[in-house]
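Here are the chains, one letter per residue:
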Amino acid sequence: MLSNCYKGVARLGWLLALLAGPAGAQGFEFQAWNARQPVPVFAAADLSGHVWRLSELKGRVVLINFWASWCPPCLAEMPSLQTLAELYGPEKLTVLAVNFKQSVPSIQGFVQRTGLALPVVPDFQGKIAAQWGVSAFPSTVVVGKDGAIRGVLRGEFDWTGEQANRLLQPLLDP
């Protein structure tokens, strides 16, 4: 049974084939990005004031993870996102953790308690999530090195597991 923190409909045959098996039982779904759908502009400052622009991240895979500290599946997958980012390094992979509608003190408290080292981008009004069509948490937008959106993975996912490797390796390879 899927958690109430997220919802979605799985599409994209080749990726589903890659992710087939026990993964569906873990509670995530992948929806392909409609090629006719425009890619929203992503330009937002993280907690330290650094402005992240998707247009400047070409040449590396980007995961834009939408999360909130009140969402148990978000909290469960965050350590694997951080491990993944550390494994590949910022030259190959950037993970942006977009926090949904929480205050700076709440976000900073979470970061301090957990030791989260990912860039955290506050989305105080939920405008970034709305631009990307995100209404379920956690949701992660998967962006290829060419800047093309591959899709949105909704739900808790082990980003250090074999299924993540099958999803990301083709994007990371030269």
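Report follows, based on the coordinates.

1. Observations regarding the pairing of strand β1 (residues 28–32)
A large share of β1 lies buried, amounting to four of its five residues. Here β1 pairs with strand β8 (residues 149–155) via five bridges, running antiparallel. Looking at the pairing, glutamate 29 lines up with arginine 154 of β8.

2. Overview of the packing of aromatic side chains
Taken as a whole and assessed by the stated rule, the structure comprises six aromatic pairs. When the ring of tryptophan 33 is compared with that of tryptophan 132, the centres are 5.7 Å apart and the planes differ by 50 degrees; the resulting orientation is tilted. Here tryptophan 33 is found in the loop between β1 and β2 (43–45), whereas its partner tryptophan 132 is found in the loop between α4 (127–131) and β7 (139–143), with 99 residues between them in sequence. Each member of the pair, tryptophan 33 as well as tryptophan 132, is classed as buried. Summarising the aromatic geometry, the rings of phenylalanine 100 and phenylalanine 137 are spaced 4.5 Å apart at their centres and angled 35 degrees between planes, so their arrangement reads as tilted.

3. Brief notes about the sheet that holds strand β5 (residues 93–100)
Taken in spatial order, the six strands make up an open sheet running β1-β8-β7-β4-β5-β6, and their pairing is mixed. The sheet terminates laterally at β1 and β6 (120–123), the two strands that pair on one side only. Averaged over neighbouring strand pairs, the angle between their axes works out to 20 degrees when direction is ignored. Its contacts with the sheet put helix α5 (residues 162–172) on β1, β4 (61–67), β7 and β8, and the angle it makes with β4 is roughly 140 degrees.

4. Quick notes on helix α3 (residues 104–114)
The complete set of buried residues in α3 reads Ile107, Gly109, Phe110 and Val111. Following α3 by one or two positions, glycine 115 adopts a phi angle in the positive range, close to 75 degrees.

5. Quick look at the pattern of salt bridges
Evaluation of the coordinates by the stated rule reveals two salt bridges. Of the charged contacts, one joins glutamate 56 and arginine 53 as a salt bridge, the two residues approaching to 4.0 Å between their closest N and O atoms. Since its relative accessible area comes to 36%, arginine 53 is described here as partly exposed.

6. Re the pairing of β5
Successive residues of a regular strand alternate their side chains across the two faces of the sheet. A large share of β5 lies buried, amounting to eight of its eight residues. In β5, alternate side chains face the same way, and those of Leu93, Val95, Ala97 and Asn99 on one face and Thr94, Leu96, Val98 and Phe100 on the other are all buried. Running through helix α2 (residues 72–88), the crossover from β4 to the neighbouring parallel element β5 is right-handed. Strand direction decides the pairing type here: β5 and β6, joined by four bridges, are parallel.

Calculation criteria
Residues numbered from 1 in each chain as written. Predicted model: local features only at pLDDT ≥ 70, side-chain atom pairs only at ≥ 80, totals over all residues. Heavy atoms only, no water. Buried < 20%, exposed > 50% of the residue type's maximum accessible area, 1.4 Å probe, protein only. Helix = DSSP H or I, 4+ residues; strand = E, 2+ residues; numbered from the N terminus. Pairing = 2+ DSSP bridges. Phe/Tyr/Trp six-rings, centres within 6.5 Å; stacked < 30°, edge-to-face > 60°. Axes fitted to C-alpha atoms, helices over the stretch in contact; angles between N-to-C directions. Contact = heavy atoms within 4.5 Å. Salt bridge = Lys/Arg side-chain N within 4 Å of Asp/Glu carboxyl O. Right-handed = clockwise from strand over helix to strand, strands pointing away.

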